[in-house]
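Observations on chain architecture
The primary structure of each chain is shown beneath.
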Amino acid sequence: MKILVIADYESPYLWDYFEKSKLEGIDLILSAGDLNSAYLEFLATCASIPVMYVHGNHDHSYDSKPPLGCQCIDDDVVEFKGLRILGLGGSMCYNYGKYQYSEKQMRARIKKLRMKLWRKGGVDIILTHAPIRGFHDQEDLPHLGFECFGSLVEKYHPKYFIHGHVHKNYSRDFKREDLYKDTIVVNGYERYILEIPDSYFEKEQKVSNSAEEMEVQEVAIEAGEQHKPLEEKLKINSFVKVGITK
């Protein structure tokens, strides 16, 4: 599978000098934020490729003019051809803009996604605007990463963590790809093609048994079932999964 990752800067190569052949073989476009909504619409329409996006800290115009024909996956976990993608847009709060969050607020957003992650059996790609704290981020508050992103990666072990926000010209140490634990981190500034080998989809796309049991324990505690055997907890959560109980 080929995924075009875009963020922060509308690529003249794709917009001003567009040729459909340049995107031949691309299955999906992922936007990590801070892009003109017209640019996303253009790619979705002219390339006839699905576009999914999260908000950047400068995407206030999306409120009145969202990119038509594109799918916002902020605060959601979606599937595309067997690929599980989690979206968390926005940056660290620095002047109280709409798509800015404190560390505590971002942790709360992640917590709300826990049940969706359990239902999907984990996640393959985490798409954000901001980077992980201490990894690809900057020292100034607006470009500081989130610590909870690191915790999220360490818990669910996604194959990829894709972000934007940190531009190529911000530092001489700019890295397009890097490795955080066993997760490939990609900075999507302007444009980048991510190729996922077919062999990846042949493997079982689920979290480990230990991670799943941890999730069941957490859900059980919230439901007041922490003293029941694991088998009963699993049964309870299977009911939650199909909506029989809350």
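Residues numbered from 1 in each chain as written. Predicted model: local features only at pLDDT ≥ 70, side-chain atom pairs only at ≥ 80, totals over all residues. Heavy atoms only, no water.

**Focus: the packing of aromatic side chains**
What describes a pair of aromatic rings is the distance from one ring centre to the other and the angle between the planes of the rings. Quick note on the threshold: Classification of ring pairs rests on two measures: the distance between centres of Phe, Tyr or Trp rings, Trp counted by its six-membered ring, which must be within 6.5 Å, and the angle between planes, read as stacked under 30 degrees, edge-to-face over 60 and tilted in between. We call a charge positioned over a ring when the NZ of a Lys or the CZ of an Arg lies within 6 Å of the ring centre and within 35 degrees of the ring normal.
Scanning all chains against the criterion turns up eight aromatic pairs. In textbook terms, an aromatic cluster arises when at least three aromatic residues are bridged by ring pairs, as seen for W15, F18, Y39 and F42. Seen from the ring of Y13, K22 lies directly overhead, with NZ or CZ sitting 3.8 Å from the centre.

**Points about the environment of G121**
As a reminder of what qualifies: Only DSSP runs of H or I with at least four residues qualify as helices, and only runs of E with at least two residues qualify as strands; both kinds are numbered from the N terminus onward. For each residue, the accessible area found with a 1.4 Å probe, counting protein chains only, is set against the maximum for its type, and the residue is called buried under 20%, exposed over 50%, and partly exposed in between.
Here G121 shows up in the loop between α3 (114-120) and β9 (125-128). Accessibility expressed as a relative area gives 15% for G121, which makes it buried. Put simply, G121 and Y156 are 35 residues apart on the chain and 9.4 Å apart in space, counted from C-alpha to C-alpha.

**A word on the sheet that holds strand β3 (residues 51-53)**
Stated formally: For two strands to pair, DSSP has to find at least two bridges joining them.
Here we have five strands laid out as an open sheet, ordered β4-β3-β2-β1-β13, and mixed in their pairing. The open sheet is flanked by β4 (71-72) and β13 (190-195), the only strands paired with a single partner. By the bridge criterion, six bridges tie strand β1 (residues 2-7) to β13 in an arrangement that is antiparallel. Each bridged residue has a counterpart across the sheet, and for L4 the counterpart in β13 is I193.

**Concerning helix α1 (residues 37-46)**
Heads up, the condition is: Counted as a polar contact is a pair of N or O atoms within 3.5 Å, where, for protein atoms, one must be capable of donating a hydrogen and the other of accepting one, and residues adjacent in sequence contribute only when both atoms are in side chains.
Restricting attention to buried positions, one finds in α1 the residues S37, Y39, L40, E41, L43 and A44. The opening residue of α1, the one whose side-chain oxygen lies 2.8 Å from the backbone nitrogen of A38, is N36.

**Things to note about the nonpolar core**
Quick reminder of the rule: Remark: nonpolar core denotes a set of buried residues (Ala, Val, Leu, Ile, Met, Phe, Trp, Tyr, Cys) joined through side-chain atoms within 4.5 Å. Contacts were defined at the residue level, with two residues in contact if any of their heavy atoms lie within 4.5 Å.
L86, L88, F146, F149 and L152 are the most contacted members of the largest nonpolar core, which has 25 residues in total. When residues of this core are assigned to their parent elements, the largest contribution, five residues, is made by helix α4 (residues 147-156). Not counting chain neighbours up to four residues away, the residues in contact with F149 comprise L88, M106, I110, T128, A130, P131, I132 and F161. Among the nonpolar cores identified, the runner-up in size contains 23 residues, and I3, I73, I85 and L194 belong to it.

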